[in-house]
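# Breakdown of the fold
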Amino acid sequence: MTPDEILQGLYDQTLVGNGPAVLELTNDALAQGMEPQSLLFDALIPSLEEVGARFERGDFFVPEMLIAGRAMAGAMAVLRPLLAETGVQTIGKFVMGTVQGDVHDIGKNLVNIMLEGAGFEVIDLGVQVKPEKFVDAINEHKPDIVGFSAFLTTTMPMFKANMNALQKAGIRDTVAVMVGGAPVTQEYADAVGADGYAADASATVKKAKELMNKRRAMAGV
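Residues numbered from 1 in each chain as written. Predicted model: local features only at pLDDT ≥ 70, side-chain atom pairs only at ≥ 80, totals over all residues. Heavy atoms only, no water.

Within the largest apolar cluster, 45 residues are counted, with the highest numbers of intra-cluster contacts made by Leu10, Leu44, Phe94, Leu115, Phe120 and Ile145. For this core, the element with the most residues is helix H4 (residues 62–86), which contributes nine residues. Ignoring any residue separated from it by four or fewer positions in sequence, one finds leucine 44 in contact with Leu10, Thr14, Val22, Leu39, Met72, Ala75 and Leu79. Membership of the second largest hydrophobic core comes to 27 residues, among which are Val129, Val135, Met156 and Val192. (Core = buried A, V, L, I, M, F, W, Y, C linked by side-chain atoms within 4.5 Å. Buried < 20%, exposed > 50% of the residue type's maximum accessible area, 1.4 Å probe, protein only. Helix = DSSP H or I, 4+ residues; strand = E, 2+ residues; numbered from the N terminus. Contact = heavy atoms within 4.5 Å.)

Let us now look at the environment of glutamate 187. Summarising the element assignment, glutamate 187 is placed in helix H8 (residues 186–192). On a C-alpha basis, the gap between glutamate 187 and leucine 40 in space is 36 Å, while along the polypeptide they are 147 residues apart.

Sheets are built from strands paired through backbone hydrogen bonds, the pairs being either parallel or antiparallel. Sheet architecture is open: five strands sit in the order E2-E1-E3-E4-E5, paired in parallel fashion. The open sheet has two free edges, formed respectively by strand E2 (120–124) and strand E5 (196–197), since each of these has just one partner strand. Pairing between strand E1 (residues 92–98) and strand E3 (residues 145–149): five bridges, direction parallel. Across the sheet, the residue bridging to threonine 98 is serine 149, located in E3. Along the sheet face, helix H5 (residues 106–117) touches E1, E2 and E3 and points at about 155° away from the line of E2. (Pairing = 2+ DSSP bridges. Axes fitted to C-alpha atoms, helices over the stretch in contact; angles between N-to-C directions.)

Shown next as structure tokens:
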């Protein structure tokens, strides 16, 4: 296969969520000496962007997004260490976690994959994340954005508890805060003082990029 055929194949197979084919094509490409960043920026990211666009149009639904995301995640597991070696610039750092009292992670995991696909470095703290764990992670990783995920109306109040913890630790102004999850609304996000809200994984990427641009503008970068 030519490099162009490999890139087209990666794009097509990621789109339909064919994980084994994506992995095989990734390994073939590397064996041929193709650049890891070429696979990422010329095939995998454009494919995941198309998945997001189809989701927004109503042509794709959550299952299609999930299998495409998983297919890409398989390729990313191979490419990530190589990309780190070549010093590929990430567009921002994102700490993510499901709030304390909540064990739901499918939505969060999908968001993580989409964010990684868009060029973010994602630090996933998992589920049942206590406010102090978010504080520690922000101090350790110095992210641009922190994301709080909640799937239950009963755990949504943890957003406010987390915000209070950031405030108390004196780090609220150092990081943009995004919230999301099935029961969360823009009104609720505004009420807890979050910087951003997104209804789904595709919208999260857009909002995260917006917040990054805003932060850069404010920093004069």
